[in-house]
Amino acid sequence: MTVPRDTSSTFPTADGKMSWSVPNAGKECETWYQVFGDLKLGVRPLVVLHGGPGVTSDYLTVFSDLTQKKSIPVVIYDQLGNGRSTHLQEKMGDTTFWTEQLFLNELKSLLEHLGIYDDYDILGHSWGGMLGARHAVRQPGGLKHLVLMSAPVSNELWIQAQEILRRKLPQETQDVLDRCEREGKTESQEYQAAVQAYYSRFLCTLNPMPEPLIASFGWLEKDPTVYFTMNGPSEFYVTGPNKDWTIVDEAHKISVPTLLTNGWKDEAADSCVYPFFRLIPRVRWIQFAESSHMAHFEEREKFMDVVGQFLSE
């Protein structure tokens, strides 16, 4: 870990890289992480998992609010293939390499590397929530609380929800999406502009978009290997192996207290998250009325208060 540097008047911030061996990677891999607060003060840390798969943790730096307000150490990291972690562009399209298990292994390795595997909480956003849920069903002894933020219980339900939401767009925008997908032109500027119109309604309603979120999307634009391989061209046109992802048959195994959240205008619509509420034994569901997929920006103070209170219980 690098020498901590003070980016706040009240808590230290440190970043580092974990070296770990990844089968079939062809080279030594590193995972970049950042810690807000002090992991040695005896307060249970919160590990925050970013979405995508294929963006970065930049848009999660605001969770340092919990360090500021509640003295909770917060860990964020860029999953392999993204941001400041090792990139493997030569693995584009390799669905045997980019798997959920790869990222589960990375999470466990990081928890062990930081010395917190025996006592930690997890908040997973979107794909990060899917990853966190799968981690939780294995009932690791050190996990004490789980927050599933705008995460679907299955991609079948997610895709169904996106089909409904995209039909709320102006007809001309729908026509562009339909035509470009039909003609295989999903990398065109025309298609990307239509996707941005969708994002502005159901992913983040703030205008301008928060700088940390722009930074995460910037990393994705520079290297879309993970996103294109596992997911596909867009949030609603899922062509990769993640289209078959589900945890419906295992969600009941999540034994820790769980907070489930989504936004009223969220692309993670109620139909995507409700099965979590039905299946997880110890669960609470809170919806943020003025938010889409980014409640930690759109209703930042309220969101942090809700999460902070839950983790303190």
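Above: the structure in question.
Values in this document were obtained by computation on a predicted structure and should not be read as measured data.

A. Highlighting the pairing of strand S5 (residues 120-125). Most of S5 is tucked away: 6 of the 6 residues are buried. The side-chain alternation of S5 yields two buried faces, one formed by Tyr120, Ile122 and Gly124 and the other by Asp121, Leu123 and His125. When strand S3 (residues 46-49) meets S5, the two strands line up parallel, connected through 4 bridges. Bridging from a neighbouring strand, Leu49 pairs with Gly124 of S5. Taken together, the 5 bridges between S5 and strand S6 (residues 143-149) define a ladder with parallel strand orientation. Paired with Ile122 across the strands is Leu146, a residue of S6.

B. Representation of empty space enclosed by the protein in the model. Overall, the coordinates contain 2 cavities of 30 Å³ or more when judged by the stated rule. By volume, the largest cavity amounts to about 160 Å³. Taken together, 17 residues make up the lining of the largest cavity; nearest its centre are Gly52, Val55, Leu203, Phe217 and Glu235. Top contributing element to the lining of the largest cavity by residue count: helix H7 (residues 211-222), with 4 residues. When its volume is computed, the second largest cavity comes out at roughly 100 Å³. Contributing to the lining of the second largest cavity are 13 residues, with Gly52, Met130, Asn155, Trp158 and Asn231 lying nearest its centre. Elements that contribute at least two residues to the lining of the second largest cavity include exactly helix H3 (127-137) and helix H4 (155-166). Of the residues that constitute the lining of the second largest cavity, the class distribution is 7 nonpolar, 5 polar and 1 charged.

C. Looking closely at the sheet that holds strand S4 (residues 74-77). The strand order S1-S2-S4-S3-S5-S6-S7-S8 describes an open sheet built from 8 strands, whose pairing is mixed. Pairing within the sheet leaves two strands with one partner each, and these edge strands are strand S1 (13-20) and strand S8 (283-288). In this sheet, adjacent strand axes meet at a mean angle of 20° when their direction is disregarded. Contacts from H3 reach S3, S5 and S6, with the element oriented near 140° to S5. Lying over the sheet, helix H9 (residues 270-279) contacts S6, strand S7 (258-263) and S8, oriented at roughly 160° with respect to S8.

D. Structural view of the environment of Glu235. Inspection of the secondary structure puts Glu235 in the loop between helix H8 (225-230) and S7. Judged by its relative accessible area of 9%, Glu235 falls in the buried class. Through-space distance from the C-alpha of Glu235 to that of Phe202 is 10 Å; in sequence the pair is 33 residues apart. Apart from residues no more than four positions distant in its own chain, Glu235 is found in contact with Trp158, Gln162, Tyr199, Leu203, Tyr227 and Glu267. Reaching out from Glu235, the side chain makes a polar contact with the side chain of Tyr227 at a distance of 2.6 Å.

Procedures and definitions
- Residues numbered from 1 in each chain as written.
- Predicted model: local features only at pLDDT ≥ 70, side-chain atom pairs only at ≥ 80, totals over all residues.
- Heavy atoms only, no water.
- Buried < 20%, exposed > 50% of the residue type's maximum accessible area, 1.4 Å probe, protein only.
- Helix = DSSP H or I, 4+ residues; strand = E, 2+ residues; numbered from the N terminus.
- Pairing = 2+ DSSP bridges.
- 1 Å grid on protein atoms, 1.4 Å probe; cavity = no way out; pocket = protein on both sides within 12 Å on 5 of 7 lines; lining within 4 Å.
- Points joined across faces, edges and corners; volume = space filled by probe spheres on them.
- Nonpolar A, V, L, I, M, F, W, Y, C, P; charged D, E, K, R; others polar.
- Axes fitted to C-alpha atoms, helices over the stretch in contact; angles between N-to-C directions.
- Contact = heavy atoms within 4.5 Å.
- Polar contact = N/O pair within 3.5 Å; in protein donor to acceptor, adjacent residues only side chain to side chain.

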